[in-house]
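Understanding the architecture of this molecule
Here is what each chain is made of, one letter per residue.
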Amino acid sequence: MTSEADSAPGPRAGAWTSAEAEVLGRAVLRAPSVHNTQPWTVEPIAGAVVLRERTDVALPRHDPDRRDLVMSCGAALANLELAVRVLGRRADVTILPDTAHPEVLARIDATATAQPSDSDLRRFSAITTRRSQRARFTGAPVGPRLVEQVARAAVTTGAQAVPLPDAGELAALFGHAARAIRDDGAYQREIALWTIRDEASHRHGAGLGRTVVPGGEFPWAGLVRRTTDLPELPVLRSRLAAETFLLFLTTDDGRADHVHAGYALERCWLEAIARGLAVAVLTQPLHVPEVRSALCEDRGLPGFPQALMRLGRTSRIAPPSLRRGLGEVPIGQRGSES
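We now turn to the structure provided with this report. (Residues numbered from 1 in each chain as written. Predicted model: local features only at pLDDT ≥ 70, side-chain atom pairs only at ≥ 80, totals over all residues. Heavy atoms only, no water.)

1. A closer look at the sheet that holds strand E9 (residues 278–282)
Here we have four strands laid out as an open sheet, ordered E5-E8-E10-E9, and antiparallel in their pairing. Edge positions in the open sheet fall to strand E5 (160–163) and E9, since each of these has one partner strand only. Neighbour-to-neighbour, the strand axes of this sheet turn through a mean angle of 30°, independent of strand direction. Inspection of the sheet shows E9 paired to strand E10 (residues 304–312) by five bridges, in the antiparallel sense. Each residue of the ladder has a partner; that of Ala278, found in E10, is Gly312. (Pairing = 2+ DSSP bridges. Helix = DSSP H or I, 4+ residues; strand = E, 2+ residues; numbered from the N terminus. Axes fitted to C-alpha atoms, helices over the stretch in contact; angles between N-to-C directions.)

In structure tokens:
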């Protein structure tokens, strides 16, 4: 994983200050995650920073293989790397650096100084304004050049973002997945457990606020719930045909690939936000096995599909999701300055 700012190592960087550690933690806090579980911890250490997964917030029904959980950590890694770069350090990323500790998903060595690139600064600025647009887009077109610019942000990340033309042809697959998810009682009970109903009286640090994920029509509702309206196939086909989709693919389907997929997804997401687009990400359909396999087989696409991204334009800003406190993100700052 490299960026335009990579160059020969410069002068050595010192230990993290408390202010720098806060920048790292706040960048990770704003990363997207499955059901807003925020399944990560961050540890700044002398000359490096370590990203670990949290398995105590797993979703056994939605995500039995923890694919989305690890992708969420990959998205957090993208934010963390950007924070390291804007702090004036070279970021050398290693995925799964310690086989004896599989919960350590990534390590960023940051002992050398380096100037961030313009794209690093642009994407880092987008971290605070990034939102999940769980509503209908305006319908204004997203030109192919703009789609290409967003997809290009995934280059060299270990995953690829592939535009899906003729998205209306996905209607049968999406409809099948939506019906399977809506009718799965255990799945719906799990979503309910992670839905916050008392936002006005209690600010939870994780989970899906009812105001952030309102009910609605498919595919604009985001998550499929029991009350989600599922249109007839011709209507769904016309809706999808008016949408712009990117599909994130990896060459294999292991933990490292899932980290790469989440990392690529967040880089594209931030690039899209920086260019004035609205974004929604779908992974629910890909948790229906026959849909996931058919998606690539029908289109002759290489690799394993990990996530779908909707790109569009909106006239309203989505509210931010709730977040944990900063103290819950770093698990220690060994070797840091006070």
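That shown, we press on.
2. Observations regarding the sheet that holds strand E2 (residues 48–53)
Pairing is antiparallel in the open sheet, where four strands are placed in the order E1-E2-E4-E3. Two strands lie at the open edges of the sheet, namely strand E1 (40–45) and strand E3 (92–95), each paired on one side alone. Averaged over all adjacent pairs, the angle separating strand axes in this sheet is 15°, with direction ignored. Note that E3 and strand E4 (residues 104–109) share four bridges and pair antiparallel. When the bridges of E4 are listed, Thr94 appears paired with Arg107.

3. Notes on the pairing of E2
Among the six residues that make up E2, five are buried, leaving the element largely enclosed by the rest of the structure. When E1 meets E2, the two strands line up antiparallel, connected through six bridges. Within E2, the position partnered with Glu43 by the bridge is Val50. Here five bridges tie E2 to E4, and the two strands are oriented antiparallel to one another. Bridge pairing links Ala48 to Asp109 in E4. (Buried < 20%, exposed > 50% of the residue type's maximum accessible area, 1.4 Å probe, protein only.)

4. Structural notes on the packing of aromatic side chains
For the coordinates displayed, the defined rule picks out two aromatic pairs. Note on Phe174 and Phe218: the rings are 6.2 Å apart at their centroids and 65° apart in plane angle, and the pair reads as edge-to-face. One end of the pair, Phe174, is in helix H5 (residues 171–182); the other, Phe218, is in the loop between strand E7 (208–209) and helix H7 (233–241), and 44 residues separate them in sequence. For the residue pair Phe174 and Phe218, the accessibility class agrees, reading buried in each case. When the ring of Phe174 is compared with that of Phe245, the centres are 5.9 Å apart and the planes differ by 85°; the resulting orientation is edge-to-face. (Phe/Tyr/Trp six-rings, centres within 6.5 Å; stacked < 30°, edge-to-face > 60°.)

5. Observations regarding unusual backbone geometry
A cis amide bond links Phe218 with the next residue in sequence, Pro219, at an omega value of 5°. On the secondary structure map, Pro219 appears in the loop between E7 and H7. Positive phi is not limited to glycine here, since Arg66 has a value of about 60°. Considering the arrangement of structural elements, one finds Arg66 in the loop between E2 and helix H2 (67–86). When its relative accessible area of 28% is taken as the criterion, Arg66 is described as partly exposed. Phi at Thr156 is positive, roughly 70°, even though this residue is not glycine. Relative to the helices and strands, Thr156 is located in the loop between helix H4 (144–152) and E5.

6. Details of the environment of Pro144
Mapped onto the secondary structure, Pro144 falls in helix H4. Distance from Pro144 to Thr244, taken between C-alpha atoms, is 9.4 Å for residues 100 residues apart in sequence.

7. Thoughts on the pattern of salt bridges
Any two side chains of opposite charge can pair, on the condition that their charged atoms come close. Scanning the entire structure with this criterion turns up 18 salt bridges. Put simply, Glu20 and Arg89 hold a salt bridge, and the shortest N to O gap is 3.4 Å. Of this pair, Glu20 sits in helix H1 (residues 18–29) while Arg89 is found in the loop between H2 and E3, placing the two residues 69 residues apart along the sequence. Of the two residues examined, Glu20 and Arg89, each falls in the buried class. For Glu243, the salt bridge identified is with Arg310, shortest N-O distance 2.5 Å. With Glu243 in the loop between H7 and strand E8 (244–250) and Arg310 in strand E10, the pair connects residues that are 67 residues apart, well separated along the chain. (Salt bridge = Lys/Arg side-chain N within 4 Å of Asp/Glu carboxyl O.)

8. Digging into the nonpolar core
One finds Leu77, Leu246 and Met309 to be the most contacted residues of the largest nonpolar core, which totals 55 residues. Examining the composition of this core, we find that ten residues originate from one element, H2, more than from any other. Once residues within four sequence positions are removed from consideration, Met309 is found in contact with Thr244, Phe245, Leu246, Phe248, Leu265, Cys268, Trp269, Val279, Ala280 and Val281. Among the nonpolar cores identified, the runner-up in size contains 28 residues, and Ala167, Phe218, Phe245 and Val291 belong to it. (Core = buried A, V, L, I, M, F, W, Y, C linked by side-chain atoms within 4.5 Å. Contact = heavy atoms within 4.5 Å.)

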